[in-house]
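The lines below spell out each chain.
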Amino acid sequence: MDRTPARRRDRHGRGLRGRLVPPGVPLSRSRAEQFDDLVLDAVEDIERRWERELAGVEFAVEDVPWVDHSSPDDVVLDADVLDDGSVPLARVLPGRREGGVEHPPRIVVYRRPLEIRAHDSVDLADLVRDVVVDQVAVLLGRDPEEIDPTG
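Predicted model, so just to flag it, every value in this text is computed and none were measured. (Residues numbered from 1 in each chain as written. Predicted model: local features only at pLDDT ≥ 70, side-chain atom pairs only at ≥ 80, totals over all residues. Heavy atoms only, no water.)

## A closer look at the overall build of the chain
Phase 1: Counting secondary structure elements, the chain contains four helices and six strands.
Phase 2: In the chain, which comprises 151 residues, the share counted as buried stands at 25%.
Phase 3: Excluding contacts between residues fewer than 6 apart, the proportion of contacts in the chain whose partners are at least 24 apart in sequence is 53%.
Phase 4: Counting only carbon and sulfur atoms, one obtains 50% of the accessible surface of the chain, whose full area is about 10,800 Å². (Helix = DSSP H or I, 4+ residues; strand = E, 2+ residues; numbered from the N terminus. Buried < 20%, exposed > 50% of the residue type's maximum accessible area, 1.4 Å probe, protein only. Contact = heavy atoms within 4.5 Å. Areas by Shrake-Rupley, 256 points an atom, 1.4 Å probe, with all protein chains shown as cover.)

## Section: helix H1 (residues 31-49)
Phase 1: Look at H1: 28 Å from first C-alpha to last across 19 residues, which is about the 27 Å you get at 1.5 Å a residue.
Phase 2: Its buried side turned inward, H1 meets strand S1 (58-62), strand S6 (106-110), helix H2 (111-117), helix H3 (121-140) and helix H4 (144-147). (Expected span 1.5 Å × (residues − 1).)

## Describing the pairing of S6
Phase 1: For S6, a buried count of four out of five residues is recorded, marking the element as mostly surrounded by other parts of the structure.
Phase 2: Where S1 and S6 come together, five bridges link them in parallel fashion. In the sheet register, Val-61 faces S6, and the bridge partner there is Val-109.
Phase 3: Sheet topology note: the strand S3 (residues 87-93)/S6 ladder contains four bridges and is antiparallel. Within the sheet, the bridge partner assigned to Leu-93 lies in S6 and is Arg-106. (Pairing = 2+ DSSP bridges.)

## Observations concerning the pattern of salt bridges
Phase 1: This structure, assessed with the given rule, holds twelve salt bridges.
Phase 2: Its salt-bridge partner being Asp-45, residue Arg-48 comes within 2.8 Å of it at the nearest N-O pair. Of this pair, Arg-48 and Asp-45 both sit in helix H1, three residues apart, roughly one helical turn.
Phase 3: Arg-48 sits in the exposed class, given a relative accessible area of 61%. (Salt bridge = Lys/Arg side-chain N within 4 Å of Asp/Glu carboxyl O.)

Shown next as structure tokens:
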């Protein structure tokens with residue numbers, strides 16, 4: 001009787017399971033985390049110039065626009081929504097007071113619609129920056145070229 005040790009395999013017989021790259025390596029970051037970094041980079045650049053005006057403004061990333069299916073119009077495109085062919089790319093939610101609670105202004109960037117429009121990672125970074133600049137311009141009531149003269 002042969003007593004060779006059995007090899008450990010996953011349930012499909014394909015070998016070991018686990019991470020292919022160690023944590024902390026850029027390759028180990030998910031697409032969502034990489035997108036968050038792009039938004040953060042764009043916001044940090046703009047906040048350096050508009051620090052006082054953007055104090056208290058929240059920036060958020062969502063995968064896709066939220067759709068209220070109970071309303072007759074699936075997607076309502078207000079003046080505060082940046083869209084491309086009726087698909088929202090980002091949205092400005094102005095500050096408001098609700099039930100005695102103060103909600104600060106918020107700019108929401110939608111990840112999946114922007115990723116779909118980008119041809120590569122450089123194009124995605126440029127697109128994210130343009131969208132953030134446009135939304136900051138809407139929030140501050142200024143021209144996008146004034147917000148980012150280099151863009």
